Structure formats: structure tokens, C-alpha cells
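Inside the fold
In case you want the letters, here they are:
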Amino acid sequence: MTAFEPTDDQRVIGDLAREIAAREIAPHIAAWDRDHTFPRALYGKLTDAGIMGLLVPEAYGGSGADYVSYALTIEEIARVDAGTATTLSVHAMICNAIAKLGNDEQRERWLGPLATGDIIAGFALTEPDAGSDAAAIRARAVREGESYVLNGRKQWCTNGGYAAVVMAMFRTGDAGAKGISAFLVDTSVPGVEVERVTEKLGIHTSNTVDLAFTDARIPAAALIGPPDAGLASALTTLAAGRIGIAAQATGILAACLDASEKFATERVAFGRKIGAFEGIAFKIAQMATDLDAARLLTYRAAALCDAGRPFAIEASKAKLFASTAARVHASEAVQIHGGYGYTTEFPVERYYRDAKITEIYEGTSEIQKLIIARDLVGRLDI
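Just so you know, the residues in each chain are numbered from 1, in the order the chain's sequence is written. Since the coordinates come from a predicted model, pLDDT governs what is reported: local features require at least 70, and pairs of side-chain atoms require 80 or more to be given and counted, while whole-chain, interface and lining totals use all residues. Values shown for side chains rest on all heavy atoms present in the structure; no hydrogens or waters enter the calculation.

1. A word on the packing of aromatic side chains
Stacked, tilted and edge-to-face are the three classes assigned to paired rings of Phe, Tyr and Trp, where Trp is represented by its six-membered ring and a pair needs centres within 6.5 Å; plane angles under 30 degrees give stacked, over 60 edge-to-face, the rest tilted. All told, the structure shown has ten aromatic pairs when counted by the stated rule. Judged by centre distance (5.4 Å) and plane angle (20°), the rings of Phe-38 and Tyr-43 are stacked. The classification of residues rests on relative accessible area computed with a 1.4 Å probe and restricted to protein chains. Under 20% of the type maximum is buried, over 50% is exposed, and intermediate values are partly exposed. Residue Phe-38 is classed as buried on the basis of its relative accessible area of 11%. Ring geometry for Tyr-67 versus Tyr-70: centroids 5.1 Å apart, planes at 80°, classification edge-to-face. Taken as a pair, Tyr-67 and Tyr-70 lie in helix α4 (residues 67–78) at a separation of three residues, close to a single helical turn. In terms of burial, Tyr-67 and Tyr-70 fall into one category: buried. For helices the rule is a DSSP run of H or I covering at least 4 residues; for strands it is a run of E covering at least 2, with both sets numbered from the N terminus onward.

Okay, structure coming up:
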């Protein structure tokens, strides 16, 4: 596979996302970010446009789009607001997990409403003592007849305060990776509560919460995938989700380039446009080069996923490179803007705050390096 140029159909989907972002998000994002607003009404408009059902098969009312189209969509949304892209990315990740891992009953129950019913999906994996070490999960699900009873606390649940369903991991067996199961939890059941909303450095338009499960009784049919195989389900879900985070980071990087080019051709210092100075021009040249590289890595991972070929390593490479580049060049964009870049008058300070999280969630950069290294040299226990 050597060509990664999007098709005309894929570009149409990306163009639609760009138009919606410009019309529905761009005029409001400064205020939303300042006020930490979750723009709930926006997702009804994205549903009407078919974007919330992007990875849902057409048989269930979705768009049935491929991962390259998804990557283009996330990039265009993130180019205007990374927080909205986060919400959409996690929603799509759970939709894909249900489509790939769920049974017929679960697909019938959830995929249609998630694609067309203006409801949002969330993810609940992390706990206070279980992040990158997901096998350390303590929250427990106990089987009682035709039900499971859930107890425990989940941290940093994206979309958790607004989600109708969360894909959540609970311990159903002994300690270790093999004793964890995945569940599709209807958040309206008694015993599921938002414990607190997390205040974050960036992505202020994304909802992040701690969820408390207190004797929450769910049907046994909520189990997705085989029992005690939830960590494998989580890792499968995260591998695909990393394409979304790579695309998000790429969108932030694209926004940094847009803003830097504009400022460099307008700002005058010492009688010249600052873009005429090599100190500025070289920063922008490197930014543009890394943007192309981030896109190609992301499109490659998406294309492999669409082709049904192994893609997890390529997704890790794309996320690692794109997230690092977004953070580095967001800092450079602030530097190019000088004192203006440190104020909220220009958006680059927001790009700077938003970029950092892409190196952390859905697997830190260190975890991505570990995944890539193990593929190259095997598992080494020193």
C-alpha cells in the first residue's frame, strides 16, 4: 500500500465537516472555551448531518463511512475545536466497538439511536489507581442471576456526564488482565451517578467526569464480548480510537499552521513582514512539513484499518508523531505570535492548551513507544 490520497467520496465527507465546523463552531468557540461550555445542542446538528453515525453501518441508520473519512472529519473539526473533536472521536470509537464486538441485540438497541437519535456514547476505563496499567482495575461486577451488580469509581470518563451509554470495564474475575469484562451500561439505571466534573487545562468543550457505580444493577445481556475478556476489548477499541486522536492532533497542527501563516504575512517588525525573517519562516516550514507527515501516518493507519489489515502499530506511530508535533508546533505558534500569542485575543494559546492532552489520553506517548518497540524487538523483561 503506497498511496494514501483520499478519494473524492472521502473528501466530500471531510468538506462537510469543514463547513459545519466553520458555520456552527467557529463563531462560538472562544466563548465556549472561556466558559467551559459543553455545546450539547451542537450534537443534534451533527446527528442530522450524519456525522454522529459516521462509523455506524447503514443497516442501523449510520453513514457506513470508512476510517479515512472518519480521520478527515476529526481533523476538520479539531482544526476549529479540539474539544468537540474529542467528543465525536470517543462517540465514534464506542459505535465502532459495538458494531465490531457487540451481538445482534446490542447492535439493534444502541447503534440506531447513537447514529440518528441524538444520544451520545462515553467510555469508562480509567480508575484512580489504573490508567496505563489497565490490568489494575478494581471496580467490580458481580453476577447475580440474570444481572450484574456494579460497584466502583471510574475517572476521566469522556462524555460521561451526557452519555446515554458508556462502555465500561469492570473486574469479574481474579486479579490481572484476564479477569476484566466490558459492559454497555445504560447510564439511566439507578446507582450510576456523576461524582464530579473534571477541570482541565484544555479541551474545555469536552465533558470529562468521574462516574460512581453504587449497586448499579444491569442486565447480563449488557456484557459485550466474552466474560473476562474485557481488557482485550478495551485494547481493540483503543487501537482504533488512536486513529481519531492522531487525526485530532493533526487538526490542531493544521490550525497552528493556518494561524502562523496569517500572522507572519500581516505582522510588521523592523519594517518588514515577520515572515520574511528566517527565524520565523523556518518555524513555519517545519510546521508544514510535520503536518504532511502527520497526515500521511494517520491516513495510512486508517487505510490499513479499512482494508482489514493489521493497523495497531501504525495507529500508535501516527498518534505518537502527530501528538508530539501538535504540542511542539503549538508552542512555536505562540512564539511566532509573540506577546499576542500569550493572550486570549488569538486562538494559538488555546491550541497550545489543547495539544498536550493528545500525548496522554488513549495511551500516553510512552505507551505508544512501548507498543512500537515490542513489535520491533519483542517483549524484553530487564
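2. Focus on unusual backbone geometry
In most cases, non-glycine residues show a negative phi, while peptide bonds are predominantly trans. One non-glycine residue, Trp-156, lies in positive phi territory at about 55°. For Trp-156, the position within the fold is in strand β3 (residues 147–158). Its identity as a non-glycine residue notwithstanding, Ile-203 has a phi of 35°, on the positive side. The topology assignment puts Ile-203 in the loop between β6 (192–197) and β7 (208–219). Taking relative accessible area as the criterion, Ile-203 reaches 4% and is therefore assigned buried.

3. A word on the state of the cysteines
In this description, a disulfide is simply a cysteine sulfur pair whose atoms lie within 2.5 Å. The tally for this structure, following the rule as stated, stands at zero disulfides. In this structure Cys-157 is a free cysteine whose sulfur lies 17 Å from that of Cys-95, the closest cysteine sulfur available. Judged by its relative accessible area of 0%, Cys-157 falls in the buried class.

4. Here we look at the layout of surface pockets
A 1.4 Å probe that fits into a set of points on a 1 Å grid over the protein atoms alone but cannot get out defines a cavity; an open set with protein on both sides within 12 Å along at least five of seven lines defines a pocket, and lining residues are those with an atom within 4 Å of a point. Grid points are joined across faces, edges and corners, and a volume is the space filled by probe spheres set on the points. Roughly 1200 Å³ of volume is contained in the largest pocket. Lining the largest pocket are 46 residues, and of these Gly-131, Ile-360, Tyr-361, Glu-362 and Gly-363 sit closest to its centre. Every element with two or more residues in the lining of the largest pocket is listed here: α5 (82–101), β1 (120–124), β3, α7 (230–266), α9 (312–337), α10 (348–356) and α11 (365–377). With six residues, the top contributor of residues to the lining of the largest pocket is α7. Think of it as three bins: nonpolar holds Ala, Val, Leu, Ile, Met, Phe, Trp, Tyr, Cys and Pro, charged holds Asp, Glu, Lys and Arg, and polar takes everything else, Gly as well. Each residue belonging to the lining of the largest pocket can be placed in one class, and the counts come to 24 nonpolar, 13 polar and nine charged. Taken as a whole, the second largest pocket spans an internal volume of roughly 230 Å³. Contributing to the lining of the second largest pocket are 15 residues, with Pro-6, Arg-11, Leu-72, Arg-295 and Tyr-299 lying nearest its centre. Breaking the lining of the second largest pocket down by element, the ones donating at least two residues are α1 (8–25), α4 and α8 (278–306). The residue inventory of the lining of the second largest pocket, partitioned by class, reads five nonpolar, one polar and nine charged.

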